[in-house]
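Descriptive structure summary
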Amino acid sequence: MANVPEDLHYSKDHEWVRVEGDQGVIGITDYAQNSLGDVVYVELPKIGDEFAANESFGSVESVKAVSEVFTPIAGKVVKINESLADAPEKVNSDPYGAGWMVYLKMANPGEVDSMLTAAEYEDFTKAETE
Amino acid sequence: MVDFGGWDMPVQYPAGTIEEHLRTRTHAGLFDVSHMGEIDVAGPDAITFVNRVTSNDVTKLIDGQAQYSALTTPAGTVIDDLLVYRIAHDHLLLVVNAGTTTKDWEWISTQHRGESVKLLNVSEDYCQLAIQGPDALSILQQLTPVPLAAMKYYHFGFGNVDGVSAIISRTGYTGEDGFEVYAAPDKAEQLWNKLLAAGNFGSDTGVLPCGLAARNTLRLEAGMALYGNDIDETTTLYEANLGWICKLDKGEFIGREKLAQQKEAGLKRKLVGFEVTDRGIARDHQDVVIGDQRVGQVTSGSPAPYLKKNIGLAYVPTEFSGVGQEIKIDVRGRLVAAQIVKAPFYKRPK
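Residues numbered from 1 in each chain as written. Chains lettered and ligands numbered in written order. Predicted model: local features only at pLDDT ≥ 70, side-chain atom pairs only at ≥ 80, totals over all residues.

Describing the overall build of chain A
- Along its length, chain A carries three helices and nine strands.
- Listing every helix and strand of chain A by position from the N terminus yields β-β-β-α-β-β-β-β-β-α-β-α.
- Radius of gyration (C-alpha) of chain A: 13 Å, near the 14 Å computed for a compact globule of 130 residues.
- The principal-axis extents of the C-alpha atoms in chain A amount to approximately 35 × 35 × 20 Å.
- Buried positions account for 42% of the 130 residues belonging to chain A.
- Looking at chain A alone, contacts between residues at least 24 apart form 65% of all its contacts between residues at least 6 apart. (Helix = DSSP H or I, 4+ residues; strand = E, 2+ residues; numbered from the N terminus. Rg over C-alpha atoms; globule rule 2.2 N^0.38 Å. Buried ≥ 20, exposed ≤ 12 C-beta atoms within 10 Å, placed from the backbone. Contact = placed C-beta atoms within 7 Å.)

Rendered as structure tokens:
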């Protein structure tokens, strides 16, 4: 069973957002990393890049495939997880912790409220697996 | 699970592609390759017939020997790559790719020119399990009385595996020593489970079941072509570096004339191996760029788990095909530096 922490917001593209003040931290979910398999490469945006909600901000690559990563919220990149360049496997081992990808300064802090809750996301992944 | 030539096949097992790949290089991997097709050719003219539809020299085989070869079009391009097994002077078995079995069968069965042969599509009569890696021999030997160490590379024999009658062949698609076992399909599960048990599946140094993704990365490191990616009906054997299975001197065969002409005239393009020198992973179908010119295309691109590099195969114009040539790969709009290197990328220690 995939791990789905209570305190995060989720997207149907399998990203999570954790709110820290006026910033949102984004990563991919345990379910997502598990279906991708071993992550071997993570491409992240540059600090200062701006994204609209649901826009692709980077990609995650397994041996077999490339998957784009979308930001569920609009904002400007203020920090990226540079350690993923040398240790992309953190996305697998600790998707909600050391495997975080970017900090965005949120353009519309209310935006996270329209995302899925942990319970909703769990139901969503269950339906997708069936 | 993914659809592969009409077969539901696992991309990877729970250990994951990287671990499956590494374990095959260091100990052993087990692959269910029952999807491969088999065509039985029997009759007094079996060798003559197969020699005319394939590019390698079938007359060089002895009983119990196998050969890598290709079915060629009149243009010298590749209908499929295959293994030709000589069971007897009047009996051959062709092992072909899953996705091309129907096409191959239709092609071969319309190439009769009066030869006395009986062709049978026996794909459904066989399962095929491949046990590959340095421990493959000792694992399989626990289940069979056939003396495996005495079997040479690209030779095969008939014998029992766990009491099941089988063809045991010292062949594979991983760049490792190993064996492929052909048996009745209803025995597949039994053989699979016995091979896992004999190989100590579950221990850190035991055999691992491997999926399609590891099969692909292993063959790519070993510089082996994948039909549909690196070779197809638009690529000739010489362009694909498969001149070594193209025996122009053996006598007439389909495509011989065009291949001879191409050999004489020289190649315009060639399949080469490359290594990405920047950060980034080259993938199938991405363009190869030199200067501001798009000069070719990646046919297989992937991380190489054992070499810990990002590698690939690509067609490039012959003038840019030398080892050391700097190229760029268009990775989704980003030009990533790469260099042409000698293939195979990986050679197992002897």
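Overview of the environment of I329 of chain B
All names here are of chain B.
- Relative to the helices and strands, I329 resides in strand β18 (residues 326-331).
- Given 27 C-beta atoms within a 10 Å radius, I329 is considered buried.
- I329 sits 41 residues away from V288 along the chain, and the two C-alpha atoms are 4.8 Å apart.

Comments concerning the interface of chain A and chain B
- Between chain A and chain B, the residue contacts involve eight residues of the former and 12 residues of the latter.
- Residue composition of the side of chain A that touches chain B, by class: four nonpolar, one polar and three charged. (Nonpolar A, V, L, I, M, F, W, Y, C, P; charged D, E, K, R; others polar.)

Structural notes on the domain arrangement of chain B
All names here are of chain B.
- For chain B, the assigned domains read domain 1 (2-34 + 126-221), domain 2 (37-124) and domain 3 (268-341).
- A C-alpha centroid distance of 31 Å is found between domain 1 and domain 3.
- With eight residues of domain 1 at the contact, the number on the domain 3 side is seven residues.
- Those elements giving two or more residues to the side of domain 1 that touches domain 3 turn out to be α1 (17-26) and α6 (212-221).
- Residues that form the side of domain 1 that touches domain 3 fall into these classes: three nonpolar, three polar and two charged. (Domains from an automatic or database assignment.)

Some thoughts on α1 of chain B
- Extensive coverage of α1 of chain B is indicated by the burial of seven of its 10 residues.
- As for α1 of chain B, its buried residues are in contact with β3 (29-32), β9 (127-132), β13 (208-209) and α6 of chain B.

Observations concerning helix α7 (residues 256-265) of chain B
Residues and elements named next belong to chain B.
- Within the span of α7, buried status applies to R256, L259 and Q262. For α7, the buried positions fall inside an angular range of 130° around the axis, keeping them on one side. With respect to the buried face of α7, the exposed residues turned more than 90 degrees away are Q261, E264 and A265.
- Once α7 ends, the next one or two residues include G266, with phi positive near 95°. (Arc of directions from axis to C-beta.)

Quick word on the sheet that holds strand β7 (residues 66-71) of chain A
Residue and element names in this part refer to chain A.
- One open sheet accounts for three strands, arranged β4-β6-β7; its pairing is antiparallel. Unpaired on one side and paired on the other, β4 (39-43) and β7 mark the two borders of the sheet. Pairs of neighbouring strands in the sheet enclose a mean axial angle of 25°, with direction left out of account.
- By the bridge criterion, four bridges tie β4 to strand β6 (residues 55-62) in an arrangement that is antiparallel. Residue pairing across strands places V39 opposite S62, the latter belonging to β6. (Pairing = 2+ DSSP bridges. Axes fitted to C-alpha atoms, helices over the stretch in contact; angles between N-to-C directions.)

Remarks on the packing of α1 of chain B against α6 of chain B
Residue and element names in this part refer to chain B.
- At a closest axis distance of 9 Å, the pairing of α1 and α6 adopts a crossing angle of 50°. The pairing of α1 with α6 is recorded here as oblique in orientation. Crossing handedness for the pair α1 and α6: right-handed. Residue-level contacts link T17, E20, H21 and T24 of α1 to A213, A214, T217 and L218 of α6.
- Class assignment for the residues of the contact of α1 with α6 results in three nonpolar, four polar and one charged. (Parallel < 35°, antiparallel > 145°, perpendicular 65-115°, else oblique. Left-handed = near helix turned anticlockwise from the far one by under 90°.)

Section: the pairing of strand β2 (residues 15-20) of chain A
All names here are of chain A.
- Sheet analysis places strand β1 (residues 9-10) next to β2, joined by two bridges and oriented antiparallel. Each bridged residue has a counterpart across the sheet, and for H9 the counterpart in β2 is V17.
- Hairpin connection between β1 and β2: a loop of four residues separates the two successive antiparallel strands, and H14 in this loop has a positive phi of roughly 75°.
- Pairing of β2 with strand β3 (residues 23-28) involves six bridges; the strand directions are antiparallel. Counterpart to R18 in the pairing with β3 is V25.
- The hairpin formed by β2 and β3 contains two residues between the paired strands, and G21 there has a positive phi angle of roughly 65°.

So, unusual backbone geometry
Residues and elements named next belong to chain B.
- Between A343 and the following residue, P344, the backbone shows a cis peptide bond with an omega angle of 0°.
- Here P344 is to be found in the segment after β19 (334-341).
- The phi dihedral of Y154 is positive, around 65°, even though this residue is not glycine.
- Among the structural elements, Y154 can be located in the loop between α4 (136-141) and β10 (156-161).
- For D162, which is not a glycine, the phi torsion comes out positive at approximately 50°.
- Tracing the backbone shows D162 in the loop between β10 and β11 (164-169).

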